[in-house]
Amino acid sequence: MTVTIYHNPDCGTSRNTLAMIRQSGVEPVIVEYLKAPPSRARIRDLVAAAGLTLREALRIMDTPYDTLGLADPALGDDALLDAIEAHPILLNRPFVETEKGTRLCRPSELVLDILDNPDIGPFVKEDGEVVVDEAGRRVG
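Cut-offs applied
- Residues numbered from 1 in each chain as written.
- Predicted model: local features only at pLDDT ≥ 70, side-chain atom pairs only at ≥ 80, totals over all residues.
- Heavy atoms only, no water.
- Core = buried A, V, L, I, M, F, W, Y, C linked by side-chain atoms within 4.5 Å.
- Buried < 20%, exposed > 50% of the residue type's maximum accessible area, 1.4 Å probe, protein only.
- Helix = DSSP H or I, 4+ residues; strand = E, 2+ residues; numbered from the N terminus.
- Contact = heavy atoms within 4.5 Å.
- Salt bridge = Lys/Arg side-chain N within 4 Å of Asp/Glu carboxyl O.
- Polar contact = N/O pair within 3.5 Å; in protein donor to acceptor, adjacent residues only side chain to side chain.

Novice: Before we go on, may I ask you to explain the nonpolar core in this structure?
Specialist: One recurring pattern in soluble globular proteins: nonpolar side chains tend to sit buried together. Counting residues in hydrophobic clusters, the biggest one holds 20 residues, and the most contacted among them are Ile43, Leu54, Ile84, Leu90, Leu91 and Phe95. Sorting the residues of this core by element identifies helix H2 (40–49) and helix H3 (77–86) as the ones contributing at least two each. Element by element, the count of residues in this core is highest for H3, at four residues. Setting aside residues no more than four positions away along its own chain, Phe95 makes contact with Thr4, Ile5, Tyr6, Leu46, Val47, Ala50, Leu52, Ala57, Thr102, Arg103 and Leu104.

Novice: Looking at this model, I keep getting lost on the pattern of salt bridges. Mind explaining?
Specialist: Any two side chains of opposite charge can pair if their charged atoms end up close together. Inspection of every chain in the model, using the stated rule, returns 12 salt bridges. Between Arg138 and Asp113 there is a salt bridge, and its shortest N-O distance comes to 2.9 Å. You can see Arg138 sitting in the segment after strand E6 (130–132) and its partner Asp113 sitting in the loop between strand E4 (101–104) and strand E5 (123–124), a full 25 residues away along the chain. On the basis of relative accessible area, Arg138 is assigned to the partly exposed category, the value being 44%. Here Glu129 ties to Lys125 by a salt bridge, and the two come within 3.4 Å at their closest N and O atoms. By relative accessible area, Glu129 is classed as partly exposed at 37%. Among the charged side chains, a salt-bridge network with shared partners connects Arg40, Arg44, Asp78, Asp82 and Glu85.

Novice: Please explain the side chain of Thr98 as it appears in this structure.
Specialist: Along the chain, Thr98 falls in strand E3 (residues 95–98). Reaching out from Thr98, the side chain makes a polar contact with the backbone oxygen of Ile114 at a distance of 2.6 Å. With residues up to four places along the chain from it excluded, the contact list for Thr98 reads Met1, Thr2, Val3, Ile114 and Leu115.

Here's what the structure looks like:
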């Protein structure tokens, strides 16, 4: 199975998602989207495949969202894409694509729904939150 993650190594959610993918036995294609931003068309495709609107895929915290006035409901997708193109940090992360689907993996354990092998064994997030317990059951 091919797995692609749009990843920010500075983001704990993204690191946890990547760790779960690897624990499933897959080495994914890693796109560090802040270094190599996806095209406008690719962003549209990712967001649509995840079942989201472009506005729902925006990251608000620790971004220029407020400064740019992106909360204005009159702004259409082209204006939002302009903003993401200028400031890739505005695209929420991590997006993960597999043959089973595309998800914005917030929380990170959503990735388990689209992996060929979701039975990854025990998994604890960086912050200590248990995702999969010692018996292999998803917690939460």
